[in-house]
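Take a look at the letters that make up each chain.
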Amino acid sequence: MGWGDAEFPNVSLAAQPDTCFGVVNLSTSLNETQKKAIASPWFSTAFGLIGLCSNLFALYVLLSSSRKLTSRSRSSFLVFLCGLVVTDFMGLLVTASVIIPYHFIKFNWAEVDPGCHLCNFLGFSMVFFGQCPLLLGATMAGERFFGINHPFSRSTSISKRRAWSIVGMVWGFSCLLGLLPVLGLGRYTLQYPGSWCFLTLLPDTGNAIFCLLFALLGIFSVVLSFIFNTVSVVTLCRVYHDRESVQRRRDSEVEMMVQLVGIMIIATICWMPLLIFIIQTILQQLPAGERARTLPTETQKLLLIYIRMVTWNQILDPWVYILFRRAVLQRVHPGLRARPSLLSLYPVLNPSLRRKLAQEARLQ
């Protein structure tokens, strides 16, 4: 999603307050050492390649695993994971395709993009590829919550086609959110140090509404994921330990929850500082109203730091699945072996239902 590293050839852009170039002060004085530390094109290129390769490898492993599965619950979970990995990969690819060339070419934004179309595209990409993983994380947590707490309900059984439809709905919703500034609610502007565009942290009505909407929606997704995952983990623990006669666990459910909790923890660490910072900045500037035309230098620098933290989310997400698969965990802990289904931990079922579910469990 974001990179936020570049040098400062666009100092004169600050004189254009009514365009996408006039919100930040790019004339902030830095010595050569500081400039190189912020604007290392080789570091950003290597950083991006690591993220892209990680997501490609995770996608390959996911596709290989999905071909071997017949369990509907596991298959739908893998579809959501594929949607997450594809989103992270495309987020890195799209933003890198604009920002990394800028490192080497050092083009002037006002000359190359006088109509702010490129800046709007980059800002849209940052919002779209930023909000999607949070919404997908909440969706996956909800799917597992209903799958674990209502395992025998037909309505909780999601086919691959329906799972992909849900992923498409998440993408569509995030797309509509990202288009709001293009349609007039807020605006995307060039950000310090002059290499990327994002939402505008100014207190005028349009920007304030869009910033708060973006941040509150992200926080809501993280909190919802936390609630769903907590209840799911507690339910699994109760089922596994309340029946002393059956000290067994279903590896697939444990594996999915471990991966889901890992994704949630990474999203919380990487995203919550930025989301809280956006809300805090907007609320602190509200008394200034329309008089605030540029962001304070410290605000610009903090925003850059938080965006860099967010970028790690797209790099670490694929490794959660790569490292926390049963095949890997069993090598680390040989005691983790395939065990009977979670269904065996519940009271006696209708014989026909038990035969059907037992057959599905054997095919996993």
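Residues numbered from 1 in each chain as written. Predicted model: local features only at pLDDT ≥ 70, side-chain atom pairs only at ≥ 80, totals over all residues. Heavy atoms only, no water.

Asks: Summarise the overall build of the protein; cite the residues concerned and give the values.
Replies: In terms of helices and strands, the protein carries eleven helices and two strands. Its helices and strands in sequence order give the protein the pattern α-α-α-α-α-α-β-β-α-α-α-α-α, from N to C terminus. In the protein, which comprises 364 residues, the share counted as buried stands at 52%. Residue pairs at least 24 apart in sequence account for 82% of intrachain contacts in the protein once pairs closer than 6 positions are excluded. (Helix = DSSP H or I, 4+ residues; strand = E, 2+ residues; numbered from the N terminus. Buried < 20%, exposed > 50% of the residue type's maximum accessible area, 1.4 Å probe, protein only. Contact = heavy atoms within 4.5 Å.)

Asks: How would you sum up the packing of helix α2 (residues 41-67) against helix α9 (residues 297-323)? Please name residues and give values.
Replies: Contact pair α2 / α9: the axes reach a minimum separation of 9 Å and the direction vectors enclose 30 degrees. Relative to α9, the element α2 lies roughly parallel. α2 and α9 meet at a crossing whose hand is left-handed. Counting all contacts with α2, which are made through Phe-47, Ile-50, Gly-51, Ser-54, Asn-55, Phe-57, Ala-58, Val-61, Leu-62 and Ser-65, the residues of α9 involved are Thr-311, Trp-312, Gln-314, Ile-315, Pro-318, Trp-319, Tyr-321 and Ile-322. In terms of residue class, the contact of α2 with α9 is made up of twelve nonpolar, six polar and no charged. (Axes fitted to C-alpha atoms, helices over the stretch in contact; angles between N-to-C directions. Parallel < 35°, antiparallel > 145°, perpendicular 65-115°, else oblique. Left-handed = near helix turned anticlockwise from the far one by under 90°. Nonpolar A, V, L, I, M, F, W, Y, C, P; charged D, E, K, R; others polar.)

Asks: How would you explain the pairing of strand β2 (residues 196-199) if you had to name every residue and give the values?
Replies: Alignment of strand β1 (residues 188-191) against β2, held across four bridges, turns out to be antiparallel. Bridging from a neighbouring strand, Thr-189 pairs with Phe-198 of β2. The antiparallel pairing of β1 with β2 creates a hairpin that spans four residues between the two strands, and Gly-194 there sits at a positive phi of about 105 degrees. (Pairing = 2+ DSSP bridges.)

Asks: So what's going on with the environment of Leu-201? Which residues, and what values?
Replies: Residue position: Leu-201 is located in the loop between β2 and α7 (205-242). Expressed as a C-alpha distance, the spacing of Leu-201 and Phe-277, which sit 76 residues apart in the sequence, is 9.9 Å. Leave out the neighbours within four places in its chain, and Leu-201 touches Cys-211, Phe-277, Ile-278, Thr-281, Ile-282, Gln-285, Leu-295 and Leu-303.

Asks: Could you give an account of the side chain of Thr-189, with specific residues and numbers?
Replies: Tracing the backbone through its elements, the reader meets Thr-189 in strand β1. Exposure remark for Thr-189: the relative accessible area of 0% places this residue in the buried category. Within polar-contact distance, the side chain of Thr-189 engages the side chain of Gln-191 at 3.1 Å. (Polar contact = N/O pair within 3.5 Å; in protein donor to acceptor, adjacent residues only side chain to side chain.)

Asks: Which residues make up the side chain of Asn-207, and what values go with them?
Replies: The residue Asn-207 is located in helix α7 in this model. The buried category is assigned to Asn-207, whose relative accessible area is 3%. Looking at Asn-207, its side chain comes within polar contact range of the side chain of Asp-204, at 2.9 Å. Once residues within four sequence positions are removed from consideration, Asn-207 is found in contact with Gly-186, Arg-187, Thr-200 and Leu-202.

Asks: Residues and numbers for the nonpolar core, please.
Replies: By size, the foremost hydrophobic cluster in this structure holds 83 residues, and its most contacted members are Leu-81, Trp-109, Trp-196, Phe-198, Phe-214 and Ile-278. Excluding residues that lie within four positions of it along the chain, Leu-81 makes contacts with Leu-62, Met-140, Gln-259, Ile-263 and Tyr-321. (Core = buried A, V, L, I, M, F, W, Y, C linked by side-chain atoms within 4.5 Å.)

Asks: Describe the state of the cysteines, listing the residues and the values that go with them.
Replies: Applying the stated criterion across every chain, the model contains one disulfide. The disulfide partner of Cys-119 is Cys-197, and the S-S distance across this bridge is 2.0 Å. On the S-S bond that ties Cys-119 to Cys-197, the torsion sits near -115 degrees, and the link is left-handed. In this pair, Cys-119 sits in helix α5 (residues 117-149) while Cys-197 sits in strand β2, placing the two residues 78 residues apart along the sequence. We classify Cys-197 as buried; its relative accessible area is 0%. (Disulfide = S-S within 2.5 Å.)

Asks: So what's going on with the UniProt feature "transmembrane region" (unreviewed entry) in the protein? Residues and values would help.
Replies: UniProt records the feature "transmembrane region" (unreviewed entry) for residues 42-63, 75-101, 121-142, 163-186, 206-239, 260-283 and 303-324 in the present numbering. Regarding residues 163-186, the helix share stands at 88% and the strand share at 0%, and the terminal C-alpha atoms are separated by 33 Å. Its end C-alpha atoms 49 Å apart, residues 206-239 is made of 100% helix and 0% strand. (UniProt positions renumbered as here; feature names shortened; annotations may be inferred.)

Asks: Break down the packing of α5 against helix α6 (residues 160-183) for me, with residues and values.
Replies: Two elements in contact, α5 and α6, have axes separated by 8 Å at closest approach and are oriented at 145 degrees. As α5 packs across α6, the resulting crossing turns out to be right-handed. Listed contacts from α6 to Phe-124, Val-127, Phe-128, Gln-131, Cys-132, Leu-135, Leu-136 and Thr-139 of α5 are Ile-166, Val-167, Val-170, Trp-171, Phe-173, Ser-174, Cys-175, Leu-177, Gly-178 and Leu-179. For the contact of α5 with α6, the residue count by class is 14 nonpolar, four polar and no charged.

Asks: Outline empty space enclosed by the protein, listing residues and values.
Replies: As enumerated under the stated definition, the model contains one cavity of 30 Å³ or more in all. Size it by volume and the largest cavity reaches roughly 120 Å³. If you go around the largest cavity, you meet 16 residues; those closest to its centre are Pro-133, Gly-137, Ile-263, Met-264 and Ala-267. Those elements giving two or more residues to the lining of the largest cavity turn out to be α5, α7, α8 (251-285) and α9. Among the elements that make up the lining of the largest cavity, the one with the highest residue count is α8 (five residues). Grouping the constituent residues of the lining of the largest cavity by class yields nine nonpolar, six polar and one charged. (1 Å grid on protein atoms, 1.4 Å probe; cavity = no way out; pocket = protein on both sides within 12 Å on 5 of 7 lines; lining within 4 Å. Points joined across faces, edges and corners; volume = space filled by probe spheres on them.)

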